[in-house]
Amino acid sequence: MSDRLEIRYIPITQAVLWDRNPKEHDIGKLVTSIWRHGFKDPPHYDGALEAFDYGNGRTTALIAGLAAGRHIPKGCFESDGEIMMPVTFGVDADSKAAAEAFAIDHNNLTMLGGDFMQYEISKMWVEEEYVAMLKGLADADELPVSVDGDDLDALLRDVMVEDETPGEDAEAKVDQAEELRKKWQVELGQLWELGEHRLICGDCTDAAVVERVMAGDSANLCFTSPPYSEQRKKQYGGLHEDDYWTWFDMVQDSIKGALDVTGHFVLNIKPHTRMGQRSLYVFDLVLSMVRKRGWRFVDEFCWLRTGVPGQVIKSFKNAFEPCYWFALSDEFLWYPRQVMHHSESVPLPLGPGAGSNSWADRQGQGGGAILSNLIMPGLAYPSNVLDFKNNAEALGHPAAFPLQLPSFFVKCMTQDGGVLFDPFVGSGTTLIACENLSRRCRAIEISPAYVAVALQRWADTTGGTPKLISNNGEVTRG
Ligand SMILES: C[S@@+](CC[C@H](N)C(=O)[O-])C[C@H]1O[C@@H](n2cnc3c(N)ncnc32)[C@H](O)[C@@H]1O
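Residues numbered from 1 in each chain as written. Predicted model: local features only at pLDDT ≥ 70, side-chain atom pairs only at ≥ 80, totals over all residues.

Re the overall build of the chain
Then, number 1: The secondary structure content of the chain amounts to 15 helices and 20 strands.
Then, number 2: Looking at the 478 residues of the chain, the share that counts as buried comes to 39%.
Then, number 3: Contacts in the chain between residues far apart in sequence, at least 24 positions, make up 71% of those at least 6 positions apart. (Helix = DSSP H or I, 4+ residues; strand = E, 2+ residues; numbered from the N terminus. Buried ≥ 20, exposed ≤ 12 C-beta atoms within 10 Å, placed from the backbone. Contact = placed C-beta atoms within 7 Å.)

Some details on the sheet that holds strand β19 (residues 467–469)
Then, number 1: The strand order β16-β12-β13-β9-β8-β17-β18-β7-β6-β19-β20 describes an open sheet built from eleven strands, whose pairing is mixed. At either margin of the open sheet sits one strand with a lone partner, and together these are β16 (385–387) and β20 (475–477). Neighbour-to-neighbour, the strand axes of the sheet open up by a mean angle of 25°, direction not taken into account.
Then, number 2: Note: β19 against β20, two bridges, orientation antiparallel. (Pairing = 2+ DSSP bridges. Axes fitted to C-alpha atoms, helices over the stretch in contact; angles between N-to-C directions.)

Brief notes about the pairing of strand β12 (residues 296–304)
Then, number 1: Sheet topology places β12 next to strand β13 (residues 320–327); eight bridges connect them, and they run antiparallel. Note on β13: the bridge partner recorded for Leu304 is Phe320.
Then, number 2: The sheet contact formed by β12 and β16 spans three bridges and is parallel. Within the sheet, the bridge partner assigned to Trp303 lies in β16 and is Leu386.

A look at the pairing of strand β7 (residues 197–201)
Then, number 1: Burial of β7 is extensive: five of the five residues sit out of reach of the surface.
Then, number 2: The pairing of strand β6 (residues 191–194) with β7 spans four bridges and is classified as antiparallel. The partner of Glu193 across the bridge, within β7, is Arg198.
Then, number 3: Between β6 and β7, which pair antiparallel and follow one another directly, the connecting turn spans two residues, one of which, Gly195, has a positive phi of 60°.
Then, number 4: With four bridges joining them, β7 and strand β18 (residues 440–445) adopt parallel strand pairing. Each residue of the ladder has a partner; that of Leu199, found in β18, is Ala443.

Let's talk about the environment of Asn384
Then, number 1: Among the structural elements, Asn384 can be located in the loop between β15 (379–380) and β16.
Then, number 2: Exposure remark for Asn384: the 11 C-beta atoms within 10 Å place this residue in the exposed category.
Then, number 3: For the pair Asn384 and Cys302, spaced 82 residues apart in the sequence, the C-alpha separation amounts to 6.3 Å.
Then, number 4: Contacts of Asn384, omitting those with residues within four sequence positions, involve Asp299, Glu300, Phe301 and Cys302.

Thoughts on the confidence of the model for the chain
Then, number 1: Averaged over every residue, the pLDDT of the chain is 86; residues scoring 70 or more account for 85%.
Then, number 2: Contacts for the low-pLDDT stretch residues 347–377, under 50 throughout, to residues beyond four places or in other chains number 60 contacts. (pLDDT = per-residue confidence, 0-100.)

Some details on the environment of Gln14
Then, number 1: Mapped onto the secondary structure, Gln14 falls in the loop between β1 (6–11) and α1 (27–37).
Then, number 2: Once the C-alpha coordinates of Gln14 and Met84 are considered, the two residues, 70 residues apart in sequence, prove to be 9.5 Å apart.

Points about the packing of helix α10 (residues 241–258) against helix α11 (residues 281–291)
Then, number 1: Two numbers describe how α10 lies on α11: the axes approach to 10 Å, and their chain directions differ by 35°. Note that α10 runs across α11; the crossing there is right-handed. Across from Glu241, Tyr244, Trp245, Phe248 and Gln252 in α10, the residues of α11 making contact are Tyr281, Asp284, Leu285, Ser288 and Met289. (Left-handed = near helix turned anticlockwise from the far one by under 90°.)

Notes on α11
Then, number 1: Inspection of α11 places Tyr281, Val282, Leu285 and Met289 among the buried residues, and these make up the whole buried set. Along the axis of α11, the buried residues cluster in a sector spanning 100°; they form a single face. Away from its buried face by more than 90 degrees, α11 exposes Phe283, Leu287 and Arg291.
Then, number 2: Those residues of α11 hidden inside the fold are in contact with α10 and β13. (Arc of directions from axis to C-beta.)

Some words on helix α7 (residues 177–184)
Then, number 1: When we look at burial in α7, the residues that qualify are Ala177, Leu180, Arg181 and Trp184. Projected onto a plane normal to the axis of α7, the buried residues spread over an arc of 105° and lie on a single side. Projecting away from the buried face of α7 at angles above 90 degrees are the exposed residues Glu178, Lys182 and Lys183.
Then, number 2: For α7, the elements touching its buried residues are α15 (448–462).
Then, number 3: Of the residues flanking the end of α7, it is Gln185, one or two places downstream, whose phi is positive at about 50°.

Side note on the packing of helix α13 (residues 404–413) against helix α14 (residues 429–436)
Then, number 1: Running from amino to carboxyl end, α13 crosses α14 at an angle of 50°, the nearest separation of the two axes being 9 Å. In terms of orientation, α13 and α14 fall into the oblique class. Where α13 crosses over α14, the handedness of that crossing is right-handed. Residues Pro406, Ser407 and Val410 of α13 lie in contact with α14, whose contacting residues are Thr429, Thr430, Ala433 and Cys434.
Then, number 2: Split into classes, the residues belonging to the contact of α13 with α14 amount to four nonpolar, three polar and no charged. (Parallel < 35°, antiparallel > 145°, perpendicular 65-115°, else oblique. Nonpolar A, V, L, I, M, F, W, Y, C, P; charged D, E, K, R; others polar.)

Description of the environment of Thr60
Then, number 1: Mapped onto the elements of the fold, Thr60 is located in helix α2 (residues 56–67).
Then, number 2: Between the C-alpha atom of Thr60 and that of Leu17, which follows or precedes it by 43 residues, the distance is 8.3 Å.

Written as structure tokens, this is what we have:
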């Protein structure tokens, strides 16, 4: 092993690319750069890695450009029928892990002088592989200089692709709501602190209630499911659809007051059917929100849920619900990579056939390279159909959505430490999603019994003790 660097020319066929390299490359741009400026930044071969620790993208681009019939670029030459490329040798790492850590630093350190967050830096990488590699390096005590343990923890929470298991959750004991209300002595007007979250028992159309629970925070996302018109009169009343708009106008005021200007409002609501036809009040509501109240209607999600079998009279069982996605402006911030998932059907970004019309390019990763040995894993963005069928209602609990539903929107529309507002938190599902994803929930619920259910659910999930907060901000219980 040499402590000095040396540049040697080797046949391009002997280039050894690092097969675990999780770096994303824009091969097209690299090709353009090489043929404009020359191949004058030689890759480095590391003996411990037994491959190039940097220069993999440039080498891939060089091979791709030549395979596409381009002439030999400056910096390379032909000898005895072989195309020769420059490679730097020497100063090998002490171990394979150390070589991998250097390879990561070699890219990341150029970003650290700027104002980039770890999450943004991680976008240079195929994220799941990057995080898996960092975990391996942490175990080997070889974390790169550019990533510390806290960064890795945050990345593990934020960057990993959609996980089928949405995290810890204790049972929402809706059937014991009244007992729990007595146990926690919940009353209207109380503000509770649950770790990083706040839950107030009150009416979300009351500006003072909203102000107290937000305490100066702005929400990145409001995700909520309000009581539907004419539904569940026993559990929490039921507004007639003619009165719904007036009431919902006040709800919107509260939501607008709590949201950051870059934030989102995702509304889960489904109109009922009556006398053989579906009510149109939700459609009116959505139209008015856009036309009268100035919301930007970004899109509509279709949540596929387990339909509760009923008597088929003039319609079939309800097996989906819409989630309407609004924003205050087109400046909204979102993080779609946080909800990517594995997909066998996405053509491999740098695999055979990945060209400018491929799915890989449409997914934003295609480089247009044509080499069959450069295989990357298939990751796909979700569609606007969300298949989360384990809704609690199917198991007998009223109106609770499955943990995956708020978890999806929380990941997609907030970052680590971000704030979610749920003005109709019910049994506390969004609060648990925030707990698992290290976001902060600001929640309102008018029913003391449901507040108690949410308190118990959070306590059972985390082992923590909810604290009752007085008007002057002191902890009076817990
Ligand atoms: C459809 S449920 C929400 C269920 C919730 N997503 C869950 O996972 O349990 C609507 C909730 O809003 C509550 N609610 C109704 N009117 C309210 C108001 N004005 N302010 C706050 N909460 C209200 C109801 O008590 C009910 O728990």
